[in-house]
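Take a look at the letters that make up each chain.
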Amino acid sequence: MKIIKLDTVVSTNSFLKDLSVSAALENFTVVVTQKQTKGRGQQKNKWLSEPYKNLTFSVFTSLKDVKIIHKKYLNFAISLAIYRVLFDKNIPKISIKWPNDLMVANKKICGILIENTFFGDQIKSTIVGIGLNVNQEKFPNSLRNVTSLKLATLKETDLNLLLHEILAELKTNIKLLESKDFHLLEKQYLNVLYKKNIPTMFKTSKDEIFMGIISGISDQGNLQIQLEDDSVKEFGIKEVSML
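Below is a summary of the structure that appears in this document.

What counts and how
- Residues numbered from 1 in each chain as written.
- Predicted model: local features only at pLDDT ≥ 70, side-chain atom pairs only at ≥ 80, totals over all residues.
- Heavy atoms only, no water.
- Helix = DSSP H or I, 4+ residues; strand = E, 2+ residues; numbered from the N terminus.
- Buried < 20%, exposed > 50% of the residue type's maximum accessible area, 1.4 Å probe, protein only.
- Polar contact = N/O pair within 3.5 Å; in protein donor to acceptor, adjacent residues only side chain to side chain.
- Pairing = 2+ DSSP bridges.
- Axes fitted to C-alpha atoms, helices over the stretch in contact; angles between N-to-C directions.
- Arc of directions from axis to C-beta.
- 1 Å grid on protein atoms, 1.4 Å probe; cavity = no way out; pocket = protein on both sides within 12 Å on 5 of 7 lines; lining within 4 Å.
- Points joined across faces, edges and corners; volume = space filled by probe spheres on them.
- Nonpolar A, V, L, I, M, F, W, Y, C, P; charged D, E, K, R; others polar.

Right, let's get into the side chain of Ser11. Topologically, Ser11 is positioned in the loop between strand E1 (2-9) and helix H1 (12-22). Among the residues examined, Ser11 registers a relative accessible area of 3% and is labelled buried. A polar contact of 3.4 Å, which involves the side chain of Ser11, links it to the backbone nitrogen of Asn13.

Below, the structure written as structure tokens:
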């Protein structure tokens, strides 16, 4: 494992992507920074993080025999790795909000951005960007529904130790993925899925509001929601949001 530590960078994911173009990266090359000026999240969202307080890093890993049709299990493996580390910190009410945000009760504590490279029908490699709120205690007014380990545990956390704990879990789960233990990954993911089996209000990309119950994840990785007439409808990441 190679860890590159940068004081400031535009985006750890972008840095690793550019590096992979110009050089052959060692498996599990990690870029971690104290300050990210233009951190990226899902759907072109920005990831805001107070410098020197949180973990902002990206991991490059090559994958062995993981097909594109199984990419939802890659998502399961990565988000479950973060979940297990946080669970071991005795943080209450941790869950995974589809597809891969980590929640403490109703507040977000971690965001994950996964960017894959394909070859034929295989996922050749992936760059996983992780932003985890650790020791930050105050957030901008625009970020009301967020929290941190410090707020949840009232304790300061060693960032370097936490980074290595997460990397160890990521390695373990990537091995599970490559060994095709898909059933276990899906079972574990669904067991901790935010709002699963709880009546919830949703809004579509067309601003249609409806009541439904999250029932599962489709083979394509879409969110399956049971409607009031008991039918089940699937939604992609840009097609629905929770209210």
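Picking up where we left off.
Here we take up the sheet that holds strand E8 (residues 107-119). Strand order in this open sheet of 7 strands is E1-E2-E5-E9-E8-E7-E6, and the pairing throughout is mixed. Pairing within the sheet leaves two strands with one partner each, and these edge strands are E1 and strand E6 (94-97). In this sheet, adjacent strand axes meet at a mean angle of 20° when their direction is disregarded. Relative to strand E7 (residues 101-104), E6 runs antiparallel, the two being bridged by 4 bridges.

Let us now look at H1. Turning to H1, its buried residues are Thr12, Asn13 and Leu16. The buried residues of H1 occupy one face: seen down the axis, they fall within an arc of 100°. Of the residues in H1, the exposed ones pointing more than 90 degrees away from the buried face are Asp18, Val21 and Ser22. Two or three places before Asn13, at the opening of H1, Ser11 has a side-chain oxygen 3.4 Å from that residue's backbone nitrogen.

The tally for this structure, following the rule as stated, stands at 1 cavity of 30 Å³ or more. What the largest cavity holds in volume is close to 40 Å³. Every residue along the wall of the largest cavity is listed here: Phe28, Val59, Thr61, Ile78, Val128, Leu170 and Ile174. Every element with two or more residues in the lining of the largest cavity is listed here: strand E5 (55-62) and helix H4 (159-178). Each residue belonging to the lining of the largest cavity can be placed in one class, and the counts come to 6 nonpolar, 1 polar and no charged.

The quantities given are spatial measurements derived from coordinates; they are silent on function.
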